[in-house]
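# Topology and contacts: notes
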Amino acid sequence: MAVAVASDPLIAMQKMKQMRPHVIVLDLEMPKMNGLTFLRKIMAEDPIPTVVCSGVAARGTENALVALDEGALGILTKPKLGVGNFLHESALALIDMVREAAQAKLRPRMPLHNFPTSRPFPSRRPAAVPVLHSVAARQAGSIVAIGASIGGTEALAEVLTALSADAPGVVVVQHMPEFFTSAFANRLNTMCRIEVKEGEDGDQIIRGHAIIAPGNRHLSVVRRRGAFYVELSDGPLVSRHRPSVDVLFRSVASAAGANALGIILTGMGNDGASGMLDMKRAGSTTIAQDEKSCVVFGMPKEAISAGAVDAVASLACIPNLITAWASSGHLQQ
């Protein structure tokens, strides 16, 4: 595999005329043209899978999320000092992300229109939800678990913004570095009718709320006194990731069983396939995003091949399937 390096976007554009790259790893802070301007130019003229390499300072974090809005597929964190050591230590993550991006299908992006201003998330120990009837009654005792990787930030935005304010409680693992998941959750919270936040240890999972696993922490679901809670943990990578979709799905299988809906979205690799099979065996309902609407079909494909999936659906159909399951316990396609 040939690798080319450019010190600024103008040099990069000259080199790209001679050899079109399969993937671009893009720093956002560069001389002569900033990375966001360069990314917009690429996506407008000749879309190429792009991974952003960004610092974790406040401006760098926000700019990285804007880059995802503009079509970048993923984020790599970059320290201000010791970049050489960082790249040596993070070589596996860098290689995995570049390989994922190389297989990506760029598709028309959903414009991230801002929904009404978000409301503050309730306390970590909210008051008991009153006993309701029909749909709300089922939602109070059920949860939706979602796993995603490359292309998942856009896919999650499309799914979560379509949910009603009284949707079942949602827990999400999106492969994303530490420090970025909080900003990502906050941004989703401004777009959605449900509340969205980065998970904290002990958060209760309640209807009308979504919890995003923090970068570099595994997120598990436990049941205590008839309610579902989040537990965060460190520990080794699972399926090459932390947080891992497998960790989430296995915990949901154990804690919720038939009261859970598992959804696996776009991403490369097999994270989530084994955990989703555990969910299905425990009586959960399971959905995989279809190949046509995926940026990378790897994770859904592995789950389907494992026999872990009840239904395969386009991204646009998944919110309706969540609503159907919430009201009846079944998928009505």
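These remarks concern the structure in this document.

Take the pattern of salt bridges next. Enumeration over the complete set of coordinates arrives at 13 salt bridges. As a salt-bridge pair, Asp 46 and Arg 20 come within 2.8 Å of each other at their nearest N and O atoms. Within this pair, whereas Asp 46 is found in the loop between α2 (35–45) and β2 (50–54), its partner Arg 20 is found in the loop between α1 (9–18) and β1 (24–27), the two being separated by 26 residues in sequence. Accessibility expressed as a relative area gives 33% for Asp 46, which makes it partly exposed. It is possible to trace a salt-bridge network through shared partners that takes in Glu 62, Asp 69 and Arg 187.

Moving on: the pairing of strand β8 (residues 218–224). Summarising burial for β8: five of the seven residues are buried, a large majority. Where β8 and strand β9 (residues 227–233) come together, seven bridges link them in antiparallel fashion. If you follow Leu 219 over to β9, its bridge partner there is Leu 232. The loop that links β8 with its antiparallel partner β9 comprises two residues; one of these, Arg 225, has a positive phi angle of about 50 degrees.

With that settled, the discussion passes to α2. Owing to its 3.6 residues per turn, the α-helix aligns residues three or four sequence positions apart on the same side. All buried positions along α2 are accounted for by Gly 35, Leu 36, Phe 38, Leu 39, Ile 42 and Met 43. Down the axis of α2, the buried side of the element spans an arc of 160 degrees, and every buried residue falls inside it. In this structure, α2 carries Ala 44 and Glu 45 as exposed residues pointing more than 90 degrees from its buried face. Taking the backbone nitrogen of Leu 36 as reference, a side-chain oxygen 3.0 Å away marks Asn 34 as the first, capping residue of α2.

Conventions we followed
- Residues numbered from 1 in each chain as written.
- Predicted model: local features only at pLDDT ≥ 70, side-chain atom pairs only at ≥ 80, totals over all residues.
- Heavy atoms only, no water.
- Salt bridge = Lys/Arg side-chain N within 4 Å of Asp/Glu carboxyl O.
- Helix = DSSP H or I, 4+ residues; strand = E, 2+ residues; numbered from the N terminus.
- Buried < 20%, exposed > 50% of the residue type's maximum accessible area, 1.4 Å probe, protein only.
- Pairing = 2+ DSSP bridges.
- Arc of directions from axis to C-beta.
- Polar contact = N/O pair within 3.5 Å; in protein donor to acceptor, adjacent residues only side chain to side chain.

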